[in-house]
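# Topology and contacts: notes
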Amino acid sequence: MPMSSVLRLLRMVCLAAGAFFMSVQLVNAAEALPPELEKLKVSLEKYKDPVVAVREGYFSTLGCVTFAEGTMGVHFLNPALIGPEPDPMKPTLLVYEPVGDRLELVAVEWLIPLATGVKPKPELFGHPFDGPMEGHEPLLPAALHHYDLHAWIFKPNPRGVFHPVNPDVKCPEGPYTFLEAPAKMLPHPAAHQ
């Protein structure tokens, strides 16, 4: 076989292999959410408009929360949903990323203060909550001991759906962006009984 034919064949094999590996990488990067999280996402689509969220009881905590290892974003809290049992279809918080002059819904969060009387460590979707921990100052007082669980259902998180921060989310520079330190973890309240 002439050298030019070998080179053409080798080029085609390389192109085919590259296309295969790129398609595999794209499939992995865009993994589908589990059915229960997909159902939650569909039910919350209306909150892509933060004005709708406010009308339905979610109020902005004002600041954009970021950490050295990633960002959470701007939290909208619905106080009526705070209790000792998490409702998988009604997250306590909606999390938005400021993008230009708008807010984009990126995640949801369930927050359970220890003051609600929560006894066993909460769990949703087969995933245990983080905590208990102190509040995230300056937006939550340190004395607000709580459990929380994030779910990045509107923006993929390379660290995982339930990781508390997302390195692909950004806060703008300004007075309402708060660089926080990780919250101090606490012993589970049942350990003191």
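Scroll up for the structure.
These remarks concern the structure in this document. Because the structure is a prediction, the values reported are computed rather than measured.

### Some points on the state of the cysteines
The tally for this structure, following the rule as stated, stands at one disulfide. A sulfur-sulfur separation of 2.0 Å characterises the disulfide bridge that pairs C64 with C171. For the disulfide bridge between C64 and C171, the dihedral angle about the S-S bond is near -80 degrees, and by the sign convention the bridge is left-handed. Within this pair, whereas C64 is found in strand β1 (residues 59–67), its partner C171 is found in the loop between β8 (146–151) and β9 (177–179), the two being separated by 107 residues in sequence. Judged by its relative accessible area of 3%, C64 is buried.

### Topic: the packing of aromatic side chains
Throughout the structure, instances matching the rule amount to four aromatic pairs. With a centroid separation of 4.7 Å and an interplanar angle of 55 degrees, the aromatic rings of F76 and Y96 are classed as tilted. Of the two residues, F76 is situated in strand β2 (residues 70–77) and Y96 in strand β3 (residues 93–99); the sequence distance between them amounts to 20 residues. A relative accessible area of 0% means that Y96 is categorised as buried. Both rings, one in F125 and one in F162, keep their centres 6.4 Å apart while their planes meet at 25 degrees; by these two values the pair is stacked. With a gap of 37 residues between them, F125 in the loop between β5 (123–124) and β6 (127–128) and F162 in the loop between β8 and β9 connect regions that are remote in the sequence. Following the ring pairs from residue to residue traces out a cluster consisting of W110, F125 and F162.

### Some points on the side chain of H75
Structurally, H75 is set in strand β2. Of the polar contacts made by the side chain of H75, one reaches the side chain of E109; its length is 3.1 Å. Setting aside its immediate chain neighbours within four residues, H75 contacts F59, S60, T61, G63, V65, L93, L94, V95, E109 and H150.

### Looking at the layout of surface pockets
It is a probe the size of a water molecule, rolled over the atoms, that shows where empty space is left. Space inside the second largest pocket adds up to approximately 220 Å³. What lines the second largest pocket is a set of 15 residues, among which T61, H75, L93, L111 and L140 lie closest to the centre. For the lining of the second largest pocket, the elements supplying multiple residues, two or more each, are β1, β2 and β4 (102–113). Considering only residue class, the lining of the second largest pocket consists of ten nonpolar, three polar and two charged.

### Concerning the sheet that holds β3
Spatial ordering of the open sheet is given by β7-β8-β4-β3-β2-β1-β9, a layout of seven strands whose pairing is mixed. Each end of this open sheet is capped by a strand with a single partner; those strands are β7 (130–133) and β9. Each adjacent strand pair in this sheet contributes to an overall mean axis angle of 35 degrees, direction not counted. Pairing of β4 with β8, which is carried by six bridges, proceeds in the antiparallel orientation. If you follow E109 over to β8, its bridge partner there is H150.

Quick notes on the rules
Residues numbered from 1 in each chain as written. Predicted model: local features only at pLDDT ≥ 70, side-chain atom pairs only at ≥ 80, totals over all residues. Heavy atoms only, no water. Disulfide = S-S within 2.5 Å. Helix = DSSP H or I, 4+ residues; strand = E, 2+ residues; numbered from the N terminus. Buried < 20%, exposed > 50% of the residue type's maximum accessible area, 1.4 Å probe, protein only. Phe/Tyr/Trp six-rings, centres within 6.5 Å; stacked < 30°, edge-to-face > 60°. Polar contact = N/O pair within 3.5 Å; in protein donor to acceptor, adjacent residues only side chain to side chain. Contact = heavy atoms within 4.5 Å. 1 Å grid on protein atoms, 1.4 Å probe; cavity = no way out; pocket = protein on both sides within 12 Å on 5 of 7 lines; lining within 4 Å. Points joined across faces, edges and corners; volume = space filled by probe spheres on them. Nonpolar A, V, L, I, M, F, W, Y, C, P; charged D, E, K, R; others polar. Pairing = 2+ DSSP bridges. Axes fitted to C-alpha atoms, helices over the stretch in contact; angles between N-to-C directions.

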